Amino acid sequence: MTSQIETKVWIVDKDVENLQSCTQIVDAARLIRQGEVVAFPTETVYGLGANALSDNAVEKIFSAKGRPSDNPLIVHIGELSQLEMIAREIPERAVPLIEAFWPGPLTLILPKTDRVASLVTAGLDTVGVRMPDHPLALALIREAGVPIAAPSANRSGRPSPTTAGHVHADLNGRIAGILDGGSTGVGVESTVLDVTVEPAMILRPGGVTLEEMEAVIGDVQLDPAFLVGAAETPRSPGMKYTHYAPQGEMWLVAGEDDAVRKKIRELLADARQHGRKTGVLATEETAPYWREQAAADVVFSCGSRYDLASVAQQLYGVLRRFDDEHVQFIAAETFPRKGMGMAVMNRLEKAAGGRIIRA
Ligand code: TXA
Ligand code: MG
């Protein structure tokens, strides 16, 4: 257990001019240069950052999160000129993706240089790199003058944080500071794409969709480990851990609307009979039905079925609310695996630890 340290919270308005010279960013960047760990907002989720060129600094990320050290971190850059510090080579197929999606929620797996701290890559010969699309993140990285390694700023096994309050709840007393820039926009993490292989391979679905990438570079493949029931070990080491899990036991129920409702009612009735506090993860379209049925103790909507970006945005916050309410059994609806639905379903499956029922 890390000894308690005082965690500073700097509140920053992301729309102010000259962000890079505002005192909060200057203070946070100084701490990064001194080898400390600072949480900051990105457009996806909050990150827990440290100097990517220093093993001592990066070690503090792993101990603050309680993260296994065989799971590599993403390196964040603030300008393209920082790319050559960390990537040995840029495969040609990466160039149009960089032009189309950076800054943005796309992490590219590239051959690494020797300057990258070995703890960042967990011994791999590649490094995941992205340029985040958030003014605070960019100002922090530019002011620090070094690339910043950052996983999501949650305790290992908890849902990723989409507000500074989530970071504070998980990491207060364990990190030097938190830059509070309000809620993040996308809500799920970046897409991780291996561009060292042909065709490029999605290792983790995220904020940039398969369809969007195919429109730019043509064929893109999916890590076969995603196929339902796959025995393969995922190529992205982070995908093998139970992630994003709420404390309650969560079940996903897929199928036709009426069958799903019936199955969820049965599951809830059974859980209640066993004396468990129950919840439904619903949508704007279905939450009124569940409230009227009073079939569960709590009903949370995570957005509209017809706007999967809204679901991505709210998903992690809602999972945390089930924990806040000490819900012990959660039944969740599912979504089509198209567009943002691919990332949403991937995170739901992780949260449910693979418990999915076809109604
Ligand atoms: O949106 C995001 O990507 C957020 C924000 C903070 O940028 N970061 C994030 O980091 O989600 P993290 O550490 O929670 O997830 C990084 C993922 C893991 O699944 C890890 O295994 C994979 O990227 N990864 C990193 N480097 C890799 C590499 N060299 N090869 C394969 N997978 C890699
Ligand atoms: Mg994470």
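Before reading on, note that the structure itself is shown above.
None of these values were measured; they are calculated from a predicted model.

The rules behind each value
Residues numbered from 1 in each chain as written. Chains lettered and ligands numbered in written order. Predicted model: local features only at pLDDT ≥ 70, side-chain atom pairs only at ≥ 80, totals over all residues. Heavy atoms only, no water. Core = buried A, V, L, I, M, F, W, Y, C linked by side-chain atoms within 4.5 Å. Buried < 20%, exposed > 50% of the residue type's maximum accessible area, 1.4 Å probe, protein only. Helix = DSSP H or I, 4+ residues; strand = E, 2+ residues; numbered from the N terminus. Contact = heavy atoms within 4.5 Å. Polar contact = N/O pair within 3.5 Å; in protein donor to acceptor, adjacent residues only side chain to side chain. Salt bridge = Lys/Arg side-chain N within 4 Å of Asp/Glu carboxyl O. Pairing = 2+ DSSP bridges. Axes fitted to C-alpha atoms, helices over the stretch in contact; angles between N-to-C directions. Phe/Tyr/Trp six-rings, centres within 6.5 Å; stacked < 30°, edge-to-face > 60°. Lys NZ or Arg CZ within 6 Å of the ring centre and 35° of its normal. Parallel < 35°, antiparallel > 145°, perpendicular 65-115°, else oblique. Left-handed = near helix turned anticlockwise from the far one by under 90°. Nonpolar A, V, L, I, M, F, W, Y, C, P; charged D, E, K, R; others polar. Arc of directions from axis to C-beta.

Peer 1: How would you explain the nonpolar core if you had to name every residue and give the values?
Peer 2: Membership of the largest hydrophobic core comes to 48 residues, with the highest contact counts inside it found for L108 and L193. Residue assignment for this core shows that the elements contributing at least two residues are β3 (47-51), α2 (55-65), α3 (83-86), α4 (94-101), β5 (106-111), β6 (126-130), α7 (164-171) and α8 (210-217). Among the elements that make up this core, the one with the highest residue count is α2 (five residues). Sequence-distant contacts of L108, that is, excluding residues within four places in its chain, are made with A94, L97, I98, W102, V127, G128, V129, L193 and V195.

Peer 1: Help me get a handle on the side chain of T42, residues and values and all.
Peer 2: Topologically, T42 is positioned in the loop between β2 (38-40) and β3. Here the side chain of T42 touches T44 through a polar contact of 2.8 Å, side chain to side chain. Reaching out from T42, the side chain makes a polar contact with the backbone oxygen of V45 at a distance of 2.7 Å. The contact partners of T42, leaving out residues within four places of it in the chain, are G47, R130, P132, H134 and T184.

Peer 1: Describe in detail the environment of V12, supporting the description with residues and values.
Peer 2: Within the element layout of this structure, V12 appears in the loop between β1 (8-11) and α1 (23-33). In sequence terms V12 and I25 are 13 residues apart; their C-alpha atoms lie 8.3 Å from each other. With sequence-adjacent residues up to four places away left out, V12 is seen in contact with L19, C22, Q24, L136, L179, D180 and G181.

Peer 1: Go over the pattern of salt bridges, please, and point to the residues and values.
Peer 2: All chains considered together, the criterion is met by 16 salt bridges. With a closest N to O distance of 3.3 Å, R88 and D125 form a salt bridge. Residue R88 is located in the loop between α3 and α4, and its partner D125 is located in the loop between α5 (118-121) and β6; the two are separated by 37 residues in the primary sequence.

Peer 1: For the sheet that holds strand β11 (residues 221-222), give the residues involved together with the corresponding values.
Peer 2: Taking strand neighbours across the sheet as the criterion, the eleven strands line up as β1-β8-β2-β3-β7-β4-β6-β5-β9-β10-β11 in an open arrangement whose pairing is mixed. The open sheet has two edge strands with one neighbour each: β1 and β11. Pairing geometry for β5 and strand β9 (residues 191-194), over four bridges, is parallel. Looking across to β9, one finds that I109 is bridged to D194. Sheet strands touched by α2: β3 and β7 (148-149). Its angle to β3, the strand with the most contacts, is close to 155 degrees.

Peer 1: Lay out the packing of aromatic side chains with the relevant residues and their values.
Peer 2: Aromatic rings in a pair are described by how distant their centres are and how their planes are angled relative to each other. Taken as a whole and judged by the stated rule, the model has two aromatic pairs. Ring centres of Y289 and W290 lie 4.9 Å apart, and the angle between their planes is 80 degrees; on these two criteria the pair is classed as edge-to-face. By the burial criterion, Y289 is buried, and W290 matches it. The ring of Y289 is capped by R261, whose NZ or CZ atom sits 4.2 Å from the centre of that ring.

Peer 1: Which residues make up unusual backbone geometry, and what values go with them?
Peer 2: The residue after W102, namely P103, is reached through a cis peptide bond having omega -10 degrees. On the secondary structure map, P103 appears in the loop between α4 and β5. That bond from E198 to P199 is cis: its omega, -10 degrees, falls within 30 degrees of zero. Tracing the backbone through its elements, the reader meets P199 in the loop between β9 and β10 (201-204). If you check the backbone angles, A122 has positive phi at about 50 degrees while not being a glycine.

Peer 1: How would you sum up the packing of α1 against helix α6 (residues 135-144)? Please name residues and give values.
Peer 2: Between α1 and α6, whose axes approach to 8 Å, the crossing angle comes to 55 degrees. With respect to their mutual orientation, α1 and α6 come out oblique. Handedness of the α1/α6 crossing: right-handed. Note on element contacts: α6 touches α1 through L136, A139, L140, E143 and A144, opposite I25, V26, A28, A29, I32 and R33. Residue composition of the contact of α1 with α6, by class: nine nonpolar, no polar and two charged.

Peer 1: Which residues make up the environment of A259, and what are the values?
Peer 2: Tracing the backbone shows A259 in helix α9 (residues 257-273). On the basis of relative accessibility, which here comes to 28%, the residue A259 falls in the partly exposed class. Separated by 100 residues in the primary sequence, A259 and A359 have C-alpha atoms spaced 5.4 Å apart.

Peer 1: Give a detailed account of α1, specifying residues and quantitative values.
Peer 2: Among the residues making up α1, those that are buried are I25, A28, A29, L31 and I32. For α1, the arc enclosing every buried residue in end-on projection is 155 degrees, short of the 170-degree limit, so these residues lie on one face. Buried positions along α1 lie against β1, β2, β3, α6, β7 and β8 (177-180). Residue G35 follows α1 closely and has a positive phi angle near 90 degrees.

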